[in-house]
Amino acid sequence: EIYTLSLHDALPIYELAELSLCKLVEHMDTTRFGNAVISLLPEGPVASRLRSAGIPVYSIGMRRSPTGLFGFFRLLSLLGELSPDVVQTWMYHANFLGGLAGFLRKTPVLWNIRHFNLDPALNKKTTLWLVKVCARFSHTVPRKIVCCAQRALDVHAGVGYDPDKLLVIPNGFDLDAFKPDAQAYVAFRRELGLPADALLVGVIARFDPQKDHENFFRAARLVSAHFPSVRFVLCGDGIVEENPDLVRMIDEKIRRDVFLLGRRDDIPRIAAALDLFVLSSAGEAFPSVLGESMACEVPCVVTDVGDSALIVGDTGLVVPPCDSNALAEAIASMLGKTAEERTALGKRGRRRIMEKYEIGAIAREYETLYEETLFAFGGL
């Protein structure tokens, strides 16, 4: 059995990186691999989910402002106690601290990169500094560097990461959790007080400049003029009536047609209830919500950011980012199709996810990487 330790920046909330790690270890072959997870920051709901799956979780207890050598020595001590065969780090801070700790413990280290946009306007100075430091260390510390998207690989190769160590293993999707749900389709409309045949266009994304909700609302205003019966459903952190920065983006002419649902714990149900999913982002690496919507057999319109076009393939429509007119035309084109045509697109989308991004297959890719790493290190 290979004992793998995954080191993450934090496990406090249900965000993409945390859930990607959680899904990965949940679907690994427990007859060949043992897993443990360390969070640098205090733990939260994802830690509970991991423990319920029988995966040990430890917390170093660092705060957002680093606690210095004390936390690092605690990490070193914990690595000594657990004695893993492979250390898989997850995100920049874990790559730096966990990579150094694993290197000092003479344990093979693999990094994982979940980010791609290094625009100084969208990142803290400390994060950009850490990226530069990790770029230098990338030539000596990690055995391999896993990127969740081709775009992330290209960006980090461009800032000095060792190109010979970079590889792409995309996020995987649980096709049992995300699937068509006819009951949800009807019940969700009833919950919103809408007729059973109401057309729903949805955005599932936290409030963040890179998600470009303003682009979506401009497009929604144009679409509404031609499809007055369409309703727009949005959910995610900060997607609430009490967010003035969000609300001011919504044209008064469509205000009554917009539903702001905030953070939800029933995303598979909401995704399956949509007629059309829209990704309006100005920047992404590998948008998992896109694959999740496709797995629910929902047709998609996406901006050409990160690996979005690669994920959707020919099962949806792709438009340039930050172009509300193009986005509106694509949404209108989808809504103008018959229900049967949209259903056919949705079924093709789920097949694409099944063939290329099913979580079990992605877990096998990580397992192969761990075996090859340990073999090269002389451990197999």
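The structure reproduced in this document is the subject of the present report. Owing to the predicted nature of the structure, the values given are computational and were not obtained by experimental measurement. (Residues numbered from 1 in each chain as written. Predicted model: local features only at pLDDT ≥ 70, side-chain atom pairs only at ≥ 80, totals over all residues. Heavy atoms only, no water.)

Describing the overall build of the protein chain
Next, step 1: Check the secondary structure of the protein chain and you find 15 helices and 13 strands.
Next, step 2: Its C-alpha atoms give the protein chain principal-axis dimensions of roughly 65 × 40 × 35 Å.
Next, step 3: Evaluated residue by residue, the protein chain yields a buried proportion of 56% over its 380 residues.
Next, step 4: Sequence separation of 24 or more characterises 67% of the internal contacts of the protein chain that already satisfy a separation of 6 or more.
Next, step 5: Accessible area for the protein chain stands at about 16400 Å²; split by element, carbon and sulfur atoms hold 54% of it.
Next, step 6: For the protein chain, the centre of its 42 positive side-chain charges and the centre of its 47 negative side-chain charges are spaced 3 Å apart. (Helix = DSSP H or I, 4+ residues; strand = E, 2+ residues; numbered from the N terminus. Buried < 20%, exposed > 50% of the residue type's maximum accessible area, 1.4 Å probe, protein only. Contact = heavy atoms within 4.5 Å. Areas by Shrake-Rupley, 256 points an atom, 1.4 Å probe, with all protein chains shown as cover. Lys, Arg positive; Asp, Glu negative; His and termini not counted. Charge placed at Lys NZ, Arg CZ, Asp CG, Glu CD.)

A closer look at the pairing of strand E6 (residues 144-147)
Next, step 1: As defined by bridge partners, strand E5 (residues 109-113) adjoins E6 across four bridges and the pair is classed as parallel. Following the sheet pairing, Trp111 is matched in E6 by Ile145.
Next, step 2: You can see the chain leave E5, run along helix H5 (residues 125-137) and come back into E6, and the turn it takes is right-handed.
Next, step 3: Examined bridge by bridge, E6 and strand E7 (residues 166-168) share three bridges and lie parallel to one another. By the bridge assignment for E7, Ile145 is matched with Leu166.
Next, step 4: Note on the crossover from E6 through helix H6 (residues 150-158) to E7: the handedness is right-handed. (Pairing = 2+ DSSP bridges. Right-handed = clockwise from strand over helix to strand, strands pointing away.)

Considering the sheet that holds strand E12 (residues 300-303)
Next, step 1: Read from one edge of the open sheet, six strands run E10-E9-E8-E11-E12-E13, paired in parallel fashion. Unpaired on one side and paired on the other, strand E10 (258-260) and strand E13 (317-319) mark the two borders of the sheet. The sheet shows a mean angle of 20 degrees between the axes of neighbouring strands, taken without regard to direction.
Next, step 2: This element, helix H7 (residues 182-192), spans strand E8 (200-204), strand E9 (231-235) and E10 of the sheet and lies at about 90 degrees to E8.
Next, step 3: With respect to the sheet, helix H8 (residues 213-226) is in contact with E8, E9, E10, strand E11 (276-279) and E12, its orientation differing from that of E9 by roughly 165 degrees. (Axes fitted to C-alpha atoms, helices over the stretch in contact; angles between N-to-C directions.)

Comments concerning the side chain of Ser308
Next, step 1: By secondary structure assignment, the location of Ser308 is in helix H12 (residues 308-312).
Next, step 2: On the accessibility criterion, Ser308 (0% relative accessible area) is buried.
Next, step 3: Residue contacts for Ser308: discarding those within four places in its chain leaves Leu279, Pro287, Leu290, Val302 and Thr303.

Details of the sheet that holds strand E2 (residues 33-39)
Next, step 1: Read across the open sheet, the seven strands follow the order E3-E2-E1-E4-E5-E6-E7; overall the sheet is parallel. Every interior strand has two partners, whereas the edge strands, strand E3 (57-59) and E7, have only one. Averaged over all pairs of adjacent strands, the angle between their axes in this sheet comes to 25 degrees, without regard to strand direction.
Next, step 2: Here strand E1 (residues 2-8) runs beside strand E4 (residues 86-90); their pairing, made up of five bridges, is parallel. Across the sheet, residue Leu5 finds its bridge partner in E4, namely Val87.
Next, step 3: Against the sheet, helix H4 (residues 92-104) contacts E1, E4 and E5, and its axis sits at roughly 175 degrees relative to E5.

Focus on empty space enclosed by the protein
Next, step 1: Across all of its chains, the model carries one cavity of 30 Å³ or more by this definition.
Next, step 2: Its volume calculated, the largest cavity comes out at about 60 Å³.
Next, step 3: Secondary-structure elements contributing two or more residues to the lining of the largest cavity are helix H1 (16-26) and helix H15 (359-376).
Next, step 4: Residues of the lining of the largest cavity, tallied by class, amount to six nonpolar, three polar and two charged. (1 Å grid on protein atoms, 1.4 Å probe; cavity = no way out; pocket = protein on both sides within 12 Å on 5 of 7 lines; lining within 4 Å. Points joined across faces, edges and corners; volume = space filled by probe spheres on them. Nonpolar A, V, L, I, M, F, W, Y, C, P; charged D, E, K, R; others polar.)

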